[in-house]
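Coordinate inspection notes
Below are the chains, spelled out letter by letter.
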Amino acid sequence: MAEYLIGEIIQRLRKQKGISQDELAGAILDRGHLSRIESGKTMPSKMTIEMLFERLGYDPKAFVDFYVDKETAEIQVMMDELNGHLRERRVLEADILITKLEMHRVFKGNKLYKQYLLVAKASNAITKKEPDGVFDILLEAVKITIPTFNEVDIEKYLLTKTDIEIINMIAIMHKNNGDLDRAINLMYFLKRGFDSRYMDNASKGTHYPLAIFNLTKYLSLAKRYREAIELCDIGMKLCIDISALRLLPLIALNKAYCLHEIEDDDSCEKLLRQAYYTCEMYGMLSTRRKIKVYAKSKLDIDLGKCI
């Protein structure tokens with residue numbers, strides 16, 4: 001795919017969805033800049049292109065993997081390394097890399113990279129159980145791309161991957177602060193946003209199952225078990241339909257927990273066995289271990305020797 005076609009693709013997809021240039025540009029860039037991108041007069045940064053495709057509901061990897069210059073590639077390597085530290089909860093390494101990226105010239109003055117680093121800081125602080133100031137960091141981050149952000153209006157926004165990540169983290173903060181109802185409502189707003197707009201399967205597989213997983217977890221904590229079970233069924237079917245299997249066993253575990261709480265242990269055991277062997281098939285050892293421990297502690301059943 002030639003680079004100069006990227007603006008034409010953005011324009012065509014935007015018009016197909018009936019989205020105006022003002023709506024798509026939002027706070028990411030001004031309308032004139034988007035117009036120049038669409039006309040092929042300018043090529044924006046890789047991060048800007050990614051966010052535009054995410055707002056349109058498409059997985060940006062299908063369009064922008066070819067657009068990586070040497071400096072962008074170097075930055076992406078550092079960001080991938082930081083993401084790995086955050087995922088594996090290596091807090092000291094994450095702090096060091098966050099500081100290093102803050103000093104990089106590309107990150108200075110670029111609001112999208114600033115948003116990325118704010119989210120990284122918030123994520124690391126949550127892992128370290130240092131909640132002071134995290135909520136303010138998350139609000140600052142989300143208002144970079146959604147200046148008028150309001151929780152009840154989430155389904156109206158064209159969300160990027162980072163926006164969705166921030167909303168999930170805000171819900172975590174509500175839950176940790178004891179406001180479970182607010183966390184539940186926030187995730188319902190996010191779910192309705194997914195239901196009301198088009199997303200390709202790659203994007204939906206990344207974001208929608210995670211929203212269902214978190215929502216059912218919060219519902220179970222609120223003892224709204226039957227409501228959670230219904231949503232788990234939706235989430236599990238979605239995972240299967242679009243081949244997004246990484247969260248399937250965890251959503252199944254949420255459902256099994258709810259089944260146990262309503263005293264349907266036969267269905268609970270059957271589901272745990274299915275989830276356990278799904279994990280074994282796909283090499284998801286950490287999730288398999290969680291399922292094994294839960295089955296032993298709640299039902300006193302041994303799902304097999306855990307590696």
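Overview of the structure.

Looking now at the environment of Val 293. You can see Val 293 is positioned in helix H16 (residues 285–299). With relative accessibility at 52%, the residue Val 293 sits in the exposed group. When the C-alpha atoms of Val 293 and Leu 303 are compared, they prove to be 9.0 Å apart, with 10 residues separating the residues in sequence.

All right, on to the pattern of salt bridges then. One pass over the structure, following the stated rule, counts 18 salt bridges. Residue Glu 155 is joined to Arg 192 by a salt bridge in which the shortest nitrogen-to-oxygen separation is 3.3 Å. Pair noted here: Glu 155 is in the loop between helix H9 (134–145) and helix H10 (161–176) and Arg 192 is in helix H11 (residues 180–196), with a separation of 37 residues, a long-range link. Residue Glu 155 is classed as partly exposed on the basis of its relative accessible area, which comes to 33%. Glu 227 serves as the salt-bridge partner of Arg 224, at 2.9 Å between the closest nitrogen and oxygen. Under the relative-accessibility criterion, Glu 227 is labelled partly exposed at 28%. Overlapping salt bridges bring together Asp 95, Lys 128 and Glu 130 as one network.

Turning our eyes to something else, we now look at a negative patch on the surface. On the surface, Glu 261, Glu 263, Asp 265 and Asp 266 cluster together to form a negatively charged patch. Positionally, Glu 263 belongs in the loop between helix H14 (248–261) and helix H15 (265–282). Note on Glu 263: relative accessible area 72%, which makes it exposed.

Among the secondary structure elements, Gln 115 is positioned in helix H8 (residues 111–127). Excluding its chain neighbours within four sequence positions, the residues that come into contact with Gln 115 are Met 51, Ala 141, Val 142, Ile 144, Thr 145, Thr 162, Asp 163 and Ile 166.

So, about helix H1 (residues 6–16). When we look at burial in H1, the residues that qualify are Ile 6, Gly 7, Ile 9, Ile 10, Leu 13 and Arg 14. Viewed end-on, H1 has its buried residues packed into an arc of 160°, placing them on one side of the element. With respect to the buried face of H1, the exposed residues turned more than 90 degrees away are Lys 15 and Gln 16.

Turning our attention to the nonpolar core. Most often, soluble globular proteins have nonpolar side chains that are buried together. Ranked by size, the top nonpolar core spans 70 residues in total, and within it Leu 190 and Leu 272 carry the most contacts. In terms of residues, this core owes the most to one element, H11, which gives 9 residues. Apart from residues lying up to four places away in sequence, Leu 272 is in contact with Leu 253, Ala 256, Ile 291, Tyr 294, Ala 295, Leu 299 and Leu 303.

Turning to the environment of Tyr 257, a few remarks are in order. For Tyr 257, the position within the fold is in helix H14. Sequence separation of Tyr 257 and Leu 82 is 175 residues, and the distance between their C-alpha atoms is 33 Å. What Tyr 257 contacts, discounting residues up to four positions off in sequence, is Ser 220, Tyr 225 and Tyr 294.

For the rest of this paragraph, the subject is H10. The end-to-end C-alpha distance of H10, which contains 16 residues, comes to 23 Å, matching closely the 22 Å that a straight helix rising 1.5 Å per residue would cover. Thr 162, Asp 163, Ile 164, Ile 166, Ile 167, Asn 168, Met 169, Ile 170, Ala 171, Met 173 and His 174 are the residues of H10 that are buried. Against the buried residues of H10 lie helix H4 (46–56), H8, H9, H11 and helix H12 (201–221). Within two residues after H10, Gly 178 carries a phi angle of roughly 85°, on the positive side.

What follows concerns unusual backbone geometry. As a rule of thumb, non-glycine residues mostly have phi less than zero, and peptide bonds are mostly trans rather than cis. In this structure, Arg 89 takes a positive phi of about 60° despite not being glycine. Relative to the elements of secondary structure, Arg 89 occurs in the loop between helix H6 (70–87) and helix H7 (91–102). On the basis of relative accessible area, Arg 89 is assigned to the exposed category, the value being 63%.

Calculation notes
Residues numbered from 1 in each chain as written. Predicted model: local features only at pLDDT ≥ 70, side-chain atom pairs only at ≥ 80, totals over all residues. Heavy atoms only, no water. Helix = DSSP H or I, 4+ residues; strand = E, 2+ residues; numbered from the N terminus. Buried < 20%, exposed > 50% of the residue type's maximum accessible area, 1.4 Å probe, protein only. Salt bridge = Lys/Arg side-chain N within 4 Å of Asp/Glu carboxyl O. Patch = residues over 30% accessible without salt bridge, like charges linked within 9 Å, V, L, I, M, F, W, Y side chains within 5 Å. Areas by Shrake-Rupley, 256 points an atom, 1.4 Å probe, with all protein chains shown as cover. Lys, Arg positive; Asp, Glu negative; His and termini not counted. Charge placed at Lys NZ, Arg CZ, Asp CG, Glu CD. Contact = heavy atoms within 4.5 Å. Arc of directions from axis to C-beta. Core = buried A, V, L, I, M, F, W, Y, C linked by side-chain atoms within 4.5 Å. Expected span 1.5 Å × (residues − 1).

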